[in-house]
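Spelled out from the first residue to the last, the chains are:
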Amino acid sequence: MTLHRSHVLVCSGSNCALHSSSFVKDRLTLEISQAGLGDEIRVLETGCFGLCAQGPIMVVYPEGIHYCKVGLEDIGEIVQEHLLKGRIVNRLLFKGTSDKNWMTKDDFDFYRKQERVVLRNAGVIDPENIEESLVRGGYAAFGKALSEMTPSQVIQEITDSGLQGRGGAGFPTGRKWQFTQEAAGDKKYVVCNADEGEPGTSKDRLILEGDPHTIIEGMLIAGYAIGATQGFVYIRGEYLLSIERLQKAINQAREFGLLGKGILGSDFEFDLEIRSGAGAYVCGEETALLNSIEGKRGEPRFKPPYPAVRGLWQKPTLINNVETLANIGPIIQNGSDWFRQIGTPECPGTKVFTLSGNICNSGLIEVPMGMTLREIIYDIGGGIPDGHQFKMAQTGGTSGGCISADLLDVPMDIPSLAKAGTALGSGALLVVDDRHCVVDLAKTFLRFFAHESCGQCTPCREGTTVLLRLMNKLASGKGDAQDITNLQRLSTTMQQASLCGLGQTAPLPILSALTFFADEFHAHLEGQGCPAGVCG
Amino acid sequence: MNTVKEIVAEHGHESSRLLEMLRCLQSPTNYLSEEAIVGVAKELNVPISHVYGVASFYSMYSTKPRGKYIIRFCESAPCHIEGAAEVLEAVQDQLQIAVNETTTDGKFSLELTSCLGVCGVAPAMMVNSTVYGNLTPEKAKKILAATE
């Protein structure tokens, strides 16, 4: 094995890739070789570091120096100055909220308050090399489960950890596993829901791109626990890089005897297949997803029976979100007591958030459950750019609630946000400053739902269209008080009568906005026009 | 170009792989012809209505002819906040088409998509399989002008 005196990690996550990080990597490799350093310095592509707004990001080890917004024109200087002469290129360092340059991870407020369990390997390993995953303890938890624990002990450990589903609904993971284990069936399935379509959410994409083996490991443990031999990963058709990386990881796991028959010399058998979506938000709903895997229209099914009893091809099926599965390995490896030390007693563990909108450090973060919204926006997110004021945050994506500055100190965990009238949901966090209008945003949310409603049940099909019509009327300044009453009544009907989560949650952003920004809605009625000057 | 028969055979005549078969069938022309839909139904021995139902359900499939390049434009809230509406207007202006239309020369079709999951670089759009971020009206126009 060749030893290198220095490693340069270049982010190849989707956000950085859009900043042409692959060209940056190619140029860097070329110039390193031209400088005669090819044998001393190794260039690697890794997953997301999190600071997506500052991409492309590059980290030079062993010093751990972070360079931001690295362009092709900067490569020569990095090679000549840093890699040859050991002098840091100051102008490419990240300028934080203070005037001080941030050099290594320890300097970044952005990283200091984070706790990385799910993202432990993202930005650390080469995701296309299984050996790098193995060195970081990949598949050790699966080995432990298979050789030292019974399936019931595995489920007990997950139950004791208090892990709740990270896809949005927050159902206790251990109980889901137990139901599927107890269900009678000659064949059972494990499904990973990677149909991430919630606007503002890209965590599953970046987890899959940064550390695909952790998902395979989580599914292996799940398969062993519930008695399944086949798993499916359902990934959005638009997520081409996630599909490519995961397929490579599956192939490598097969070569290493971690998938297939007689895994690790045992009689345990399990294999995985990727199925990709074709553009339908509703397929993130678990029963719609099952229909899609079966090659049908992605329309939701009636529940009960739940998938744990009758899922894929009517067989007991366990469906977990990508982030949920990424927590399984660490819980099995370190124990449920360790997991419960993180987060809050009611909601243990960490949560991955994607920060978007009017926030300085938009990107991907992971923090303990229960951190306040204020800490996330100001301490990690760096606050609101260009001297503007915070106006609103939408938690949980477009199907989540809109909250005002009064709630900046709400703890970001499942029960606290539910109590506050919103939802943690998928972990999307959209920050909106005072230049924007709530009514205009509500229109955007409703256009999305009217477009994505699958049309199967009437409350959702008709409800999303009528809500959009009412909101358009309000935005144009032609609405009256009755329209607001109708918005509220129709919203309540949809919440109660829609078949699936899409129609049940679509009204949440509207109802919460009506609660927290009632004055702004009323201003649009009274002929004063849009206070933010957006609608017209 | 693979025939319907070959594509269905490649997928083991498994009707659960219908989405994948339709993706393969669609890739050369960006749309699914009536013959393709009828052909798949016949090969799989399922009703034509089933195949058509699937083809018309998912937004990535089209049963109407589309352009050589499909622009999937994100107008979700995170992109909206960052000015997607102005960029979309510029795209429509440049191509002289509305959403869900195709240019007369058959080069571009414009569609809306749900979130592309690259909100760190919003606003964003996909042109066939390439994603573009940090769009401004000028940048989007340049990208389209350079697409050959």
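Residues numbered from 1 in each chain as written. Chains lettered and ligands numbered in written order. Predicted model: local features only at pLDDT ≥ 70, side-chain atom pairs only at ≥ 80, totals over all residues. Heavy atoms only, no water.

This brings us to the sheet that holds strand β3 (residues 125-127) of chain B. Residue and element names in this part refer to chain B. One open sheet holds the four strands; their spatial order is β2-β1-β3-β4, and the pairing between them is mixed. The open sheet has two edge strands with one neighbour each: β2 (108-113) and β4 (130-132). Adjacent strand axes in the sheet meet at a mean angle of 20°, parallel and antiparallel pairs treated alike. Relative to β2, strand β1 (residues 69-74) runs parallel, the two sharing six bridges. Across the sheet, R72 pairs through a bridge with E111, a residue of β2. (Pairing = 2+ DSSP bridges. Helix = DSSP H or I, 4+ residues; strand = E, 2+ residues; numbered from the N terminus. Axes fitted to C-alpha atoms, helices over the stretch in contact; angles between N-to-C directions.)

Residue and element names in this part refer to chain A. Per the counting criterion, the structure on display carries 38 salt bridges over all chains. Two residues, K113 and D379, come together in a salt bridge whose shortest N-O distance is 2.8 Å. With K113 in the loop between α4 (109-112) and α5 (130-135) and D379 in helix α15 (residues 373-380), this pair connects stretches of sequence that are 266 residues apart. We classify K113 as partly exposed; its relative accessible area is 33%. (Salt bridge = Lys/Arg side-chain N within 4 Å of Asp/Glu carboxyl O. Buried < 20%, exposed > 50% of the residue type's maximum accessible area, 1.4 Å probe, protein only.)

All names here are of chain A. Spatial strand order, β12-β11-β15-β13-β14: five strands in an open sheet with mixed pairing. A single partner strand is all that each edge strand has here, and the edge strands are β12 (363-368) and β14 (402-404). Strand after strand, the sheet turns through a mean of 30° between neighbouring axes, direction not considered. Where strand β13 (residues 390-395) and β14 come together, three bridges link them in antiparallel fashion. Bridged to Q394 within β14 is C402.

Moving on, we get to the nonpolar core. Ranked by size, the top nonpolar core spans 74 residues in total, and within it M471(A), F521(A), L22(B) and Y58(B) carry the most contacts. With eight residues, helix α17 (residues 438-452) of chain A is the single largest residue contributor to this core. Within the second largest apolar cluster, 58 residues are counted, among which are I155(A), V190(A), L246(A) and I274(A). (Core = buried A, V, L, I, M, F, W, Y, C linked by side-chain atoms within 4.5 Å.)

A separate point is the interface of chain A and chain B. In this complex, chain A contributes 54 residues to the contact, which on the side of chain B involves 40 residues. Of all residues in chain A, L18(A), A278(A) and R297(A) give up the largest surface area on contact with chain B, accounting jointly for 18% of the area buried on that side. At the junction of chain A with chain B, the criterion picks out two salt bridges. Close ionic contact of R447(A) with E75(B) constitutes a salt bridge, the shortest N to O distance being 2.6 Å. Connecting chain A to chain B are 18 residue pairs in polar contact (both at pLDDT 80 or more). Those elements that place two or more of their residues in the side of chain A that touches chain B are α1 (14-17), β9 (271-276), α12 (286-293), β11 (350-357), β15 (428-433) and α17 of chain A. By residue number, the principal contributor to the side of chain A that touches chain B is α17(A), which donates eight residues. (Contact = heavy atoms within 4.5 Å. Buried area = accessible area lost by both parts, 1.4 Å probe. Polar contact = N/O pair within 3.5 Å; in protein donor to acceptor, adjacent residues only side chain to side chain.)

Residues and elements named next belong to chain A. Each neighbour pair has its own omega, and for K303 with P304 the value is -5°, a cis peptide bond. Within the secondary structure, P304 is located in the loop between α12 and β10 (317-321). The linkage connecting P304 with the following residue, P305, adopts the cis geometry, with an omega of 0°. For P305, the position within the fold is in the loop between α12 and β10.

Before going further, it helps to spend a moment on the packing of helix α7 (residues 151-161) of chain A against helix α13 (residues 322-334) of chain A. All names here are of chain A. Relative orientation of the contacting elements α7 and α13 amounts to 105°, with a least axis distance of 10 Å. As summarised for this structure, α7 and α13 are arranged roughly perpendicular, according to the angle between their axes. Of the residues in α13, those in contact with V154, E157, I158 and S161 of α7 are I328, I331 and I332. Here the residues of the contact of α7 with α13 are counted per class, giving five nonpolar, one polar and one charged. (Parallel < 35°, antiparallel > 145°, perpendicular 65-115°, else oblique. Nonpolar A, V, L, I, M, F, W, Y, C, P; charged D, E, K, R; others polar.)

The next subject is the pairing of strand β3 (residues 58-61) of chain A. Residue and element names in this part refer to chain A. Bridge analysis of strand β1 (residues 6-11) against β3 gives four bridges, and the strand direction is antiparallel. Considered in β3, the bridge of V8 is made with V60. Where β3 lies against strand β4 (residues 65-67), three bridges are found, and the strand directions are antiparallel. Each residue of the ladder has a partner; that of M58, found in β4, is Y67. Joining the antiparallel neighbours β3 and β4 is a turn of three residues, in which G64 adopts a positive phi near 80°.

Turning our eyes to something else, we now look at the domain arrangement of chain A. Residues and elements named next belong to chain A. Here chain A is partitioned into domain 1 (6-110), domain 2 (130-339), domain 3 (350-433) and domain 4 (438-525). One C-alpha centre belongs to domain 2, the other to domain 3, and the line joining them spans 27 Å. Every contact between the two is made by 15 residues of domain 2 and, on the other side, 15 residues of domain 3. Roughly 1,200 Å² is buried in total at the junction of domain 2 and domain 3, and carbon and sulfur atoms are behind 54% of that figure. Interface area lost by domain 2 to domain 3 is led by R166, E198 and K203, which between them contribute 35%. Counting across the domain 2 and domain 3 interface gives one salt bridge. Our count for the domain 2 to domain 3 interface comes out at seven residue pairs in polar contact (both at pLDDT 80 or more). Elements supplying a minimum of two residues to the side of domain 2 that touches domain 3: α9 (203-210) and α13. In terms of residue class, the side of domain 2 that touches domain 3 is built from three nonpolar, eight polar and four charged. (Domains from an automatic or database assignment.)

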